[in-house]
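Summary of structural features
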Amino acid sequence: MPIIDMKKVFLLGHYQEREQIFNLLHNLGIVEMVDVKSSETWDEFQSYLEPGQLPENVSQIDARRSDIRYCLDIFQRHYPIRKSIVEQFTGSSLDLTADQFASYLDSLDQVEEIHKSCCEAEEKLVSIRNEVIQSQNLIEDLQPWSALEIPLELIEDGSYTVMGLYTVNAEQYPALQDTLAANISDYFVEEVFPDQDVVHFFFSGLSEDKPVIDDLFREKTVTRVSFPDLTATPAESIKSLHEKLKILNDQKRAILSEIEALLEHRPMLMACYDYMDNEHAKHQATSNLGCTKSSFLLEGWVPVPVLGDLETAIANRTETAAIVSRDPNPDEDVPVLLHNSGPVEPYEVVTKLFSTPKRNELDPTPFMAPFFFLFFGICLSDAGYGLILTLLAVLISRKLKLEGMGKQLVTLLIYSGVSAFVFGLILGGYFGDLINLPPLWFDPLEEPMVMLIGSLGLGVIHIYFGMALQAYRNIKAGKVLSALYDQGFWFIFLNGLILLLVGFPFAGQWMAIIGAVGLILTQGRAQRSFVLKFLSGLLSLYNITQYLSDVLSYSRLFALGLASIVIGMVINAVGDLVAGSVIGYLILVIILLGGHFFNVIISSLSAYVHTSRLQYLEFFNKFFEGGGRSFQPFRAKNSYTDIVENEEG
Amino acid sequence: MEGIEIALLGAALAVGFAGSGSAIGIGIVGQSAAGLISEDPDKFGQTLLLQALPGTQGIYGLLTGFLIMQNVGVIGDETVTITTSQGYAFLMASLPIAIAGLSSGIYQGRVLSSTINLIAKRPEEMGKGIVYAVMVETYAVFALLATVLILFGIDL
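What this report covers is the structure whose coordinates are included nearby. (Residues numbered from 1 in each chain as written. Chains lettered and ligands numbered in written order. Predicted model: local features only at pLDDT ≥ 70, side-chain atom pairs only at ≥ 80, totals over all residues. Heavy atoms only, no water.)

With that settled, consider the sheet that holds strand E7 (residues 223-225) of chain A. All names here are of chain A. Strands sit in the order E5-E6-E4-E7 across an open sheet of four strands; the sheet is antiparallel. Looking at the sheet topology across the chains shown, the edges are occupied by strand E5 (187-194) and E7. Each strand axis lies, on average, 35° off the axis of its neighbour in the sheet, ignoring direction. As paired elements, E5 and strand E6 (residues 198-206) share seven bridges and run antiparallel to each other. Bridge assignment links tyrosine 187 to a residue of E6, and that residue is glycine 205. Along the sheet, helix H7 (residues 173-183) makes contact with strand E4 (161-169), E5 and E6, crossing E5 at roughly 170°. Those strands touched by helix H8 (residues 210-219) are E4 and E6, and its axis lies near 165° from that of E6. (Pairing = 2+ DSSP bridges. Helix = DSSP H or I, 4+ residues; strand = E, 2+ residues; numbered from the N terminus. Axes fitted to C-alpha atoms, helices over the stretch in contact; angles between N-to-C directions. Contact = heavy atoms within 4.5 Å.)

The following block contains the structure:
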């Protein structure tokens with residue numbers, strides 16, 4: 001079975017041995033913990049338990065963990081570890097041997113000190129940044145006044161005169177001048193910086209006129225500008241501010257180099273973070289337990305095939321822990337673990353990207369895999385491209401240690417390249433038309449209709465297969481009649497129509513009629529009244545459009561297959577245009593290499609997404625619902641580091 | 001216009017309109033992507049992949065243009081005389097991909113622009129965002145199909 005059966009396990013042990021057993025489970029990584037409080041018998045034994053409490057050191061671990069995280073984030077902010085394009089998809093981690101990891105953990109007590117230096121450095125950086133922003137703003141404010149040659153501290157109201165720096169909207173300025181002239185006898189105005197929108201000006205007048213001046217200014221929305229802390233002319237101030245910025249910049253660089261000096265601890269911190277994180281997870285998990293003073297109870301899900309491993313591992317560790325297991329109840333939320341063997345396994349990634357199956361549902365992976373293989377090949381259909389795709393995927397899987405879905409995806413691409421290679425031989429595609437070998441079967445450019453009909457035919461098979469799987473599900477669920485009504489009649493009806501289409505009028509006609517009558521009679525069976533039954537039965541025939549559009553959708557196989565070949569031909573033709581001279585041949589080589597590489601990537605991408613789409617929308621919707629929860633065992637999870645085998649030599 | 005010029009108008013429309021669709025679509029995605037990169041530079045690879053998706057319409061257009069040019073003898077060694085009605089047939093052939101390429105490129109770009117927002121929050125769900133975008137591309141593929149079938153159906 002592709003979906004692994006799960007058993008619910010109950011582990012009862014001595015409280016003192018709790019940590020030991022937890023470490024064991026954490027290392028094994030085969031148990032998904034369940035919160036005991038969600039157990040159906042919780043109410044019965046709740047009263048026997050000690051009130052749940054986190055072990056006191058959990059908050060301590062958490063604090064330490066976030067300290068380390070803080071340092072690493074600071075490092076990352078100022079001296080980021082760049083990821084390559086490939087790593088952006090796969091994630092990157094630091095490879096450490098178990099010994100290195102352990103030796104880094106020995107320096108765990110240094111963390112506090114490093115954290116302290118990091119905090120100090122960061123604090124200083126923040127205050128420098130604030131000062132820089134302040135100075136920059138001040139420079140910006142001073143800039144318009146730089147033509148003013150009066151020291152700023154002298155601009156203040158005296159006993160007989162008032163003076164100041166002002167700005168006003170440029171449109172208001174002429175009017176302001178007029179009103180000033182009309183209302184006050186003695187004053188002085190100098191435009192310092194006539195901007196397009198705002199006029200900056202110096203104004204001085206007599207103290208006795210101050211109330212009038214204030215009123216006039218308010219009326220024309222004149223704003224007073226002051227620089228309280230500056231004591232030189234604006235131009236001099238700007239100069240000294242620039243010098244200050246330079247000093248601040250030097251300070252910043254000094255602090256950054258302090259941080260840089262701490263960088264040597266980065267691998268150690270990464271290792272410690274992962275260690276702390278896992279410790280934290282272990283302690284968190286204890287909150288899922290039911291504990292009394294001297295015992296604890298753990299509940300979890302374990303895949304049946306590894307249940308024996310768990311039992312022996314526990315038995316080897318301690319003699320005083322009891323482990324019981326039972327089959328899941330029908331209404332329990334059982335996690336789902338897919339297990340497909342051999343060549344089907346990588347195709348799980350396609351299913352998982354759609355949805356994890358429900359527990360009692362069919363895993364569609366093994367049924368979908370052959371079609372995925374086939375369709376991808378048809379979409380790329382070039383022997384050269386297939387070869388390159390496979391080689392690239394092999395190279396990636398060699399270079400990077402991938403796990404889980406990433407590994408599955410790369411393996412899937414290896415197979416897909418093989419499929420494309422085979423279809424390239426069949427249809428005669430070798431880097432477009434670069435190598436002119438006759439196709440094993442036919443050339444889609446010469447006989448496009450053969451390929452189009454072939455694609456649609458494959459679609460019909462694919463759809464029928466999906467219907468058959470739904471029929472199988474119905475029969476297995478004891479709903480034999482549903483299988484007949486919902487799939488059987490459609491099957492007869494559709495086949496009748498196909499026979500009509502390809503020229504068997506007699507058989508086609510009768511099959512179509514039988515199918516249609518069957519559908520009209522049965523599809524409304526959920527309705528109550530007779531009229532409604534009949535009407536919904538009749539209406540259900542409209543679903544034929546759905547089947548029609550599903551089948552037509554497979555024409556994309558043909559279109560994409562053709563596209564990848566013809567793009568290859570375009571590249572070759574462009575290369576042909578420049579060939580001739582020595583330089584021409586050089587350019588030719590560049591065009592061919594770059595162009596075909598580009599085409600491999602872009603055509604493989606479309607092949608992958610369109611093939612997936614055919615599975616998701618045309619195939620899965622016939623029989624697959626999804627919506628299951630995937631199995632997430634309690635196990636070591638590293639964010640920064642990766643433990644590798646000790647290197648030889 | 002002689003037959004050949006009408007046919008070349010078709011080639012130009014296919015390349016130009018489908019290419020515009022791709023250019024606009026890629027542009028839209030690029031704007032969103034650049035916004036995301038300002039927050040999280042490590043998503044460059046993923047966003048680049050998404051940005052490349054609306055490029056296919058332009059490729060289909062180029063492919064159509066190339067097939068027309070080859071058929072009427074602009075590229076290659078054959079010299080062919082094209083009658084006016086054949087020329088119109090080539091022009092008609094170019095229309096499906098020219099029209100659908102333009103609109104599907106733009107709308108695919110919009111969907112992917114939202115996908116960029118999606119991966120900003122949940123990078124693991126990128127596959128689903130791509131599936132949405134592929135739904136839009138379907139019609140460019142169908143248009144290409146119609147275009148190619150018409151092209152192959154023209155008697156020379």
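The next subject is the pattern of salt bridges. Between side chains of opposite charge, a pair can form as their charged atoms come close. Residue and element names in this part refer to chain A. Taken as a whole and judged by the stated rule, the model has 25 salt bridges over all chains. Here aspartate 62 makes a salt bridge to arginine 65, at a shortest N to O gap of 2.9 Å. Highlighted residues: aspartate 62 and arginine 65, both in helix H3 (residues 57-78), separated by three residues, approximately one helical turn. Residue aspartate 62 is classed as partly exposed on the basis of its relative accessible area, which comes to 30%. With a relative accessible area of 18%, arginine 65 lands in the buried category. Connected through salt bridges with shared partners, the residues Lys8, Glu299, Arg326 and Glu332 form a single ionic network. (Salt bridge = Lys/Arg side-chain N within 4 Å of Asp/Glu carboxyl O. Buried < 20%, exposed > 50% of the residue type's maximum accessible area, 1.4 Å probe, protein only.)

This part covers H8(A). All names here are of chain A. Three or more residues of H8 are buried, namely Ile213, Leu216 and Phe217. All buried residues of H8 fall inside an arc of 95° around its axis, so they share one side. Facing away from the buried side of H8, by more than 90 degrees, are the exposed residues Pro211, Arg218 and Glu219. Within two residues after H8, threonine 221 carries a phi angle of roughly 45°, on the positive side. (Arc of directions from axis to C-beta.)

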